[in-house]
2 protein chains.
Amino acid sequence: MPDGVPKKPSRIQMRNRRVILDAALNVFSQHGYRGATLDQIAAEAGLSKPNILYYFQGKEQIHLTLLSQLMETWLDPLVELDADGDPKSEILDYVQRKLDMARDLPRESRLFAGEILQGAPRIGPRLHSELKPLFDQKCAVIAGWAKAGKIADINPQHLIFSIWATTQHYADFEAQVSVLVGGDPDAHDTASQHLREMFGRMLCVKD
Amino acid sequence: MPDGVPKKPSRIQMRNRRVILDAALNVFSQHGYRGATLDQIAAEAGLSKPNILYYFQGKEQIHLTLLSQLMETWLDPLVELDADGDPKSEILDYVQRKLDMARDLPRESRLFAGEILQGAPRIGPRLHSELKPLFDQKCAVIAGWAKAGKIADINPQHLIFSIWATTQHYADFEAQVSVLVGGDPDAHDTASQHLREMFGRMLCVKD
DNA sequence: AAAAATTTTTACCATTTGGTAAATCCACGA
DNA sequence: TCGTGGATTTACCAAATGGTAAAAATTTTT
């Protein structure tokens, strides 16, 4: 048998790994890294603690696996921002994709927020190696649009920060948002309309 | 001696309480509630753990004291939003005050963010009793300005959310921001200019 | 200075928590 | 059906953690 080549995971392995990661996402996103316990994760997954540790080397590895998987999903909307598309609608569509993600993946959003809030102790390196290059590239695209007069002359970096901040706010600060605008079933659409209006105006080229 | 009337705290009590709360703010804001330990707080404060517990009933009370004190500071910029002032500059000044707070009180911002991120388990009641009434009141003020044609017809609730999100982002996501725009000494001014531009455009009454 | 009150330290304790060793269970191919 | 390797449980453990009791030290009051 060739060494170093892991054999393909069995059906049970596939299922349990997924179950554990899903349970861990619930617990980590709600309580943060140190606030989460293996017992909680095990209970949520319907498995025993030693059984969890049969599939993952430890608590940190579970957390790291989640963050790694998340990275790709998280950057995807920005990857899709097309330099050859219509500038204004490219950016507004990006806003919409991020807002939809905050609605559809609030646990992931909070997991990421918690990690950054604590100084990115575990995902820091990937911010440099993965996020930074993509960010710089897309900033250059936006700067190009601005220079060409296709959109207003704004600061691309801070524009992206504002998009991240406003969209993720609805997931990360949901506890506060729900207190202040509780029970509105159309909340997502209202937010979408508001952000479209805001960033639409921001990008308009003034005469 | 009259019962229930606490005598005034001594000089030592005043000093140590302040020292402990400052140390706790450092630790809680960096590691979150459960991630923080009394030993860490004690070390940071330069006191022994039992001595900490001589001044506060327990870990939770320290955290709660911090959040309580923070509430006032946190709402202050919004309190100052004046219904009788010039609408556009009132709002832009509010943005500026919030951004300055993110720069000057990043620990407080992260403490608050961490609490909300985890579902506001300890400060939840105060969101209802203190934040909500103020929020509703100021939303009404802004709605009045919009109705009177003094500013664009925007959604006041989501406008405030966007202001909170964009300003606090610089404190709460500082680990990410510093990776992406590292080492710019004028970062705060650049952000200020960007937000002025963005919210200024947002509020302009279109013809 | 002596007494009283407050502050600090020393020495603990019970529980929680991440993790391990080894025995047992079980699915599945020969 | 029986053996085998993967999957699961049982029974632990050491360290960390929030917290306490009581003695000792220090400050304040008389």
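Residues numbered from 1 in each chain as written. Chains lettered and ligands numbered in written order. Predicted model: local features only at pLDDT ≥ 70, side-chain atom pairs only at ≥ 80, totals over all residues.

Draft legend 1. Focus on the protein's contact with DNA strand C. In the neighbourhood of DNA strand C, 18 residues make up the surrounding shell, with A:T37, A:L38, A:G58, A:K59 and B:P50 lying closest. Secondary-structure elements contributing two or more residues to the surface near DNA strand C are α2 (38-45), α3 (49-55) and α4 (59-79) of chain A together with α1 (11-35) and α3 (49-55) of chain B. Its residues placed into classes, the surface near DNA strand C shows 7 nonpolar, 7 polar and 4 charged. (Near = placed C-beta within 6 Å. Helix = DSSP H or I, 4+ residues; strand = E, 2+ residues; numbered from the N terminus. Nonpolar A, V, L, I, M, F, W, Y, C, P; charged D, E, K, R; others polar.)

Draft legend 2. Highlighting unusual backbone geometry. All names here are of chain A. The backbone of A120 sits at a positive phi, close to 50°, despite the residue not being glycine. Inspection of the secondary structure assignment puts A120 in the loop between α6 (106-117) and α7 (124-147). Taking the number of C-beta atoms within 10 Å as the measure of exposure, A120 has 21 and is therefore buried. (Buried ≥ 20, exposed ≤ 12 C-beta atoms within 10 Å, placed from the backbone.)

Draft legend 3. Representation of helix α10 (residues 187-203) of chain A in the model. Taking 1.5 Å as the rise per residue, α10(A) with 17 residues should run 24 Å; its terminal C-alpha atoms sit 24 Å apart, in good agreement. Here the buried face of α10(A) lies against α5 (87-104) and α8 (156-172) of chain A together with α8 (156-172) and α10 (187-203) of chain B. (Expected span 1.5 Å × (residues − 1). Contact = placed C-beta atoms within 7 Å.)

Draft legend 4. View of the protein's contact with DNA strand D. Taken together, 18 residues surround DNA strand D, and among them A:S48, A:P50, B:T37, B:G58 and B:K59 come closest. Among the secondary structure elements, those contributing two or more residues to the surface near DNA strand D are α1 (11-35) and α3 of chain A together with α2 (38-45) and α3 of chain B. Looking at the surface near DNA strand D residue by residue, the class counts come to 7 nonpolar, 7 polar and 4 charged.

Draft legend 5. Layout of the interface of chain A and chain B. Each partner contributes residues to the interface: chain A has 42 residues there, and chain B has 42 residues. Residue assignment for the side of chain A that touches chain B shows that the elements contributing at least two residues are α1, α6, α7, α8, α9 (174-180) and α10 of chain A. The leading source of residues in the side of chain A that touches chain B is α8(A), at 8 residues. Along the lines of polarity and charge, the residues of the side of chain A that touches chain B split into 19 nonpolar, 17 polar and 6 charged.

Draft legend 6. A look at α10(B). Of the positions making up α10(B), those classed as buried are B:A191, B:H194, B:L195, B:M198, B:F199, B:M202 and B:L203. Looking down the long axis of α10(B), one finds its buried residues gathered within 155° of arc, a one-sided arrangement. Residues of α10(B) that are buried in the fold lie against α8 and α10 of chain A together with α5 (87-104) and α8 of chain B. (Arc of directions from axis to C-beta.)

Draft legend 7. Quick look at the relation of the copies chain A and chain B. When chain A is fitted to chain B, the residual RMSD is 0.0 Å, and the transformation amounts to a turn of 180° plus an axial shift of 0.0 Å. Given the turn and translation reported, the copies of this chain are related as if by a two-fold rotation axis. Residue A:A165, judged by its C-alpha, is the member of chain A lying nearest the rotation axis, at 2.6 Å. (Least-squares fit on C-alpha atoms with pLDDT ≥ 70 in both.)

Draft legend 8. Structural view of the environment of A:R17. As for its placement among the helices and strands, A:R17 is situated in helix α1. Sequence spacing of A:R17 and A:H169 is 152 residues, and the spatial spacing of their C-alpha atoms is 30 Å.

Draft legend 9. Representation of the confidence of the model for chain A within the structure. Residues with a pLDDT of 70 or more make up 95% of chain A, whose mean pLDDT is 93. Within the model, the stretch residues 1-6 of chain A combines pLDDT values under 50 with 0 contacts to residues more than four positions away or in other chains. (pLDDT = per-residue confidence, 0-100.)

Draft legend 10. Region of interest: the environment of A:L75. All names here are of chain A. By the element assignment, L75 lies in helix α4. Exposure remark for L75: the 15 C-beta atoms within 10 Å place this residue in the partly exposed category. Residues L75 and L134 lie 59 residues apart in sequence; the distance between their C-alpha atoms is 8.3 Å. Setting aside residues up to four positions removed in sequence, L75 forms contacts with E130, L131 and L134.

Draft legend 11. The environment of B:I91, seen in detail. As for its position among the elements, B:I91 is in helix α5. When sequence neighbours within four positions are dropped, the list of residues in contact with B:I91 reads B:F199 and B:L203.

Draft legend 12. Summary view of the packing of α1(B) against helix α6 (residues 106-117) of chain B. Residue and element names in this part refer to chain B. Relative orientation of the contacting elements α1 and α6 amounts to 50°, with a least axis distance of 8 Å. Comparing the axis directions of α1 and α6 gives the class oblique. The two elements α1 and α6 cross, and the hand of that crossing is left-handed. Taken together, the residues of α6 that come into contact with α1 (itself represented by L25, N26, F28, S29 and G32) are R107, R110, L111 and G114. Partitioning the contact of α1 with α6 into residue classes produces 3 nonpolar, 4 polar and 2 charged. (Axes fitted to C-alpha atoms, helices over the stretch in contact; angles between N-to-C directions. Parallel < 35°, antiparallel > 145°, perpendicular 65-115°, else oblique. Left-handed = near helix turned anticlockwise from the far one by under 90°.)

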